[in-house]
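# Examination of the molecular architecture
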Amino acid sequence: MIRLQRINKDNWEECAALRPEKEQQQFIAPNVYSIAEAQFLHGFSSMAIYKHETMIGYTLYGIDPDDNNYWMYRFMIDRHFQGKGYGFMAVSKIIEEIRNRQDRTDVLILGYKPENERARRLYSKTGFTEDGLAPWGEVIAKYKYV
């Protein structure tokens, strides 16, 4: 039901138009920014999240050159598709995609703002454990593959 597809010339504008709920906009960069940023992140996957043929979200993940671990830099589900379990399914899909890569690392790491309770609940539910605060103020959470 949930699948990932690389952002390309045919789908980037649709992805750029996706929006989280208004109160969530403070927690995540706009998709158009992330799509542009991905052009300069060697080896990162800039992916649309689909439910069947309908684009419902966006993610950006790859190996961070600072620590050589997989990081999920961005994750969002459009406001029209929230509260239906798609976030859980999409994060689970991303975890499995990375698990099956030859360059997989032992952990998948992400960061979120401490006041973002929805993110905390979602990532905890999908198996991430909090690992303290980053110097830039985000909560760091890790999913361990081993």
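For the structure, check the block above.
Below, the structure is looked at part by part. Per chain, the residues get numbers from 1 upward, laid out in the order the sequence is written. Reporting in this predicted model follows two pLDDT cut-offs: at least 70 for local features of residues, and 80 or more for side-chain atom pairs to be given and counted; totals over whole chains, interfaces and linings ignore these cut-offs and use all residues. Computation of side-chain values: all heavy atoms of the structure, hydrogens and water removed.

### Some words on the pattern of salt bridges
We define a salt bridge as a contact between a side-chain nitrogen of Lys or Arg and a carboxyl oxygen of Asp or Glu at a distance within 4 Å. Per the stated rule, a full pass over the model turns up 8 salt bridges. Among the salt bridges present, the one from Glu-53 reaches Arg-3, with a minimum N-O distance of 3.1 Å. With Glu-53 in the loop between strand S2 (45-51) and strand S3 (54-63) and Arg-3 in strand S1 (residues 2-6), this pair connects stretches of sequence that are 50 residues apart. Linked by salt bridges that have partners in common, Glu-117, Arg-120 and Glu-130 make up one network. For the purposes of this entry, the term helix denotes a DSSP run of H or I that reaches at least four residues, the term strand denotes a run of E that reaches at least two, and both are numbered from the N terminus.

### Concerning the packing of aromatic side chains
Pairing of aromatic rings covers Phe, Tyr and Trp, the last through its six-membered ring, and needs centres within 6.5 Å; plane angles under 30 degrees mean stacked, over 60 mean edge-to-face, and all others mean tilted. This model, assessed by the stated rule, comprises 7 aromatic pairs. Both rings, one in Phe-44 and one in Tyr-73, keep their centres 4.7 Å apart while their planes meet at 45 degrees; by these two values the pair is tilted. You can see Phe-44 sitting in the loop between helix H2 (31-38) and S2 and its partner Tyr-73 sitting in strand S4 (residues 70-77), a full 29 residues away along the chain. When accessible area is computed with a 1.4 Å probe and restricted to protein chains, residues below 20% of their type maximum are described as buried, those above 50% as exposed, and intermediate ones as partly exposed. Given the relative accessible area of 9%, Phe-44 is considered buried. Accessibility expressed as a relative area gives 24% for Tyr-73, which makes it partly exposed. An angle of 70 degrees between the planes, with centres 5.1 Å apart, marks the rings of Tyr-143 and Tyr-145 as edge-to-face. Overall, Tyr-145 belongs to the buried group, its relative accessible area being 9%.

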